Amino acid sequence: MENTMTLKDDKHRVCPVWMAYLFDNPLRGFFHQPENLYGDYLKDGMKALDLGCGLGFMSLNMAKMVGKDGKVFSIDMQQSMLDRLMKRAQNRGLDDRIAPVLCNPYNIGNPEAVDFALAFWMLHETPDFKKTLAMLHNALRPGGHLFIAEPRKHIDKKEFTNTLNEARKAGFEIVETPEVKLSYAVVLRRPVG
């Protein structure tokens, strides 16, 4: 049975596979072009993490950006999302650059330190976003970047400001707050030293 965990607060739900097709499709490229969003932070040969990867729109693009010598850890708590992602990756010849990681709501389960992490439209779905921020901080190498985007449809400005405050408490520095369509967004950095 597919994990569609519902928390006590009905606002926080994990996106079911069928719904992911509504926004994780080729038309999304008109709104969210990964190279334009975080191309300054993700380069050839890097290791990256896509938390809540879903069907893989971002993971597939990240795999192109890191090249043959890079790696993308695509993390999701639904095996069916990871299965669909890997089928897409195989069809595009990118499956050797993507490592699917099945996680649970309380542990992202990333096996290696990364240079870049992405949490796109998913942080609001976690049962404890403060703990998730701490895990992302630990997953990054010093100097690594975390790109967060949250959908304006699901959270308001006050909630996003709270996310920024908690990110600072987790040890992140704010690098920039880029414009991302339909979203609030921030680029964070794990300080060096």
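Our structure's up above, just so we're on the same page.
Given the structure is predicted, the values throughout are model-derived calculations rather than measurements.

**Student:** Help me out: how do you make sense of the pattern of salt bridges in this one?
**Tutor:** Side chains that carry opposite charge are capable of pairing whenever their charged atoms lie near each other. Tallying each qualifying case throughout the model produces 5 salt bridges. The salt bridge involving D115 is made with R141; its shortest N-O contact spans 2.9 Å. Placement of the pair is D115 in strand β4 (residues 114–120) and R141 in strand β5 (residues 140–151), with a sequence separation of 26 residues. Since its relative accessible area comes to 32%, R141 is described here as partly exposed. Put simply, R189 and E173 hold a salt bridge, and the shortest N to O gap is 2.9 Å. Note that R189 is positioned in strand β7 (residues 183–189) and E173 in strand β6 (residues 173–176), a separation of 16 residues in sequence. The class for E173 is partly exposed, based on a relative accessible area of 34%. Several salt bridges converge on common partners, so that one network encompasses K130, E166 and K169.

**Student:** Got a minute to help me understand the sheet that holds strand β3 (residues 98–102) in this structure?
**Tutor:** One key point about sheets: their strands pair by backbone hydrogen bonds, in either a parallel or an antiparallel sense. Taking strand neighbours across the sheet as the criterion, the 7 strands line up as β3-β2-β1-β4-β5-β7-β6 in an open arrangement whose pairing is mixed. Edge strands, defined here as strands with exactly one partner in the open sheet, are β3 and β6. Averaged over all pairs of adjacent strands, the angle between their axes in this sheet comes to 25 degrees, without regard to strand direction. As judged from the 6 bridges shared by β4 and β5, these two strands associate in the parallel manner. Looking at β5, one finds that A117 is bridged to L146. This element, helix α3 (residues 57–66), spans β1 (47–51), β2 (71–76), β3 and β4 of the sheet and lies at about 165 degrees to β2. Strands in contact with helix α4 (residues 79–91) are β2 and β3; relative to β3, the strand with the most contacts, it is inclined by about 170 degrees.

**Student:** In this structure, what is going on with α4? I would like to understand it.
**Tutor:** Given a rise of 1.5 Å per residue, 13 residues ought to cover 18 Å, and the 18 Å separating the end C-alpha atoms of α4 matches this to within 8%. S80, M81, L82, L85, M86 and A89 are the residues of α4 that are buried. Where α4 terminates, the next one or two residues include G93, which has phi positive at roughly 70 degrees.

**Student:** Just to check I follow, could you spell out the packing of aromatic side chains for this structure?
**Tutor:** One pair of aromatic rings is described through two measures. These are the centre distance and the angle between the planes. In total, this model carries 5 aromatic pairs according to the counting rule given. Look at Y38 and F116: their rings are 5.1 Å apart centre to centre, the planes differ by 35 degrees, and that puts the pair in the tilted class. A residue pair is termed long-range when its members are at least 10 positions apart, and Y38 in helix α2 (residues 34–38) and F116 in strand β4 qualify at 78 residues. Between the aromatic rings of Y38 and F147, the centroid separation amounts to 5.6 Å while the plane-to-plane angle is 65 degrees, which identifies the pairing as edge-to-face. Separated by 109 residues along the polypeptide, Y38 in helix α2 and F147 in strand β5 bring together distant segments of the chain. F147 carries the same exposure label as Y38, and that label is buried. Taken together, the ring pairs connect Y38, F116, F120, W121 and F147 into an aromatic cluster. A cation sits over an aromatic face here: R152 above Y184, 4.1 Å from the ring centre.

What counts and how
Residues numbered from 1 in each chain as written. Predicted model: local features only at pLDDT ≥ 70, side-chain atom pairs only at ≥ 80, totals over all residues. Heavy atoms only, no water. Salt bridge = Lys/Arg side-chain N within 4 Å of Asp/Glu carboxyl O. Helix = DSSP H or I, 4+ residues; strand = E, 2+ residues; numbered from the N terminus. Buried < 20%, exposed > 50% of the residue type's maximum accessible area, 1.4 Å probe, protein only. Pairing = 2+ DSSP bridges. Axes fitted to C-alpha atoms, helices over the stretch in contact; angles between N-to-C directions. Contact = heavy atoms within 4.5 Å. Expected span 1.5 Å × (residues − 1). Phe/Tyr/Trp six-rings, centres within 6.5 Å; stacked < 30°, edge-to-face > 60°. Lys NZ or Arg CZ within 6 Å of the ring centre and 35° of its normal.

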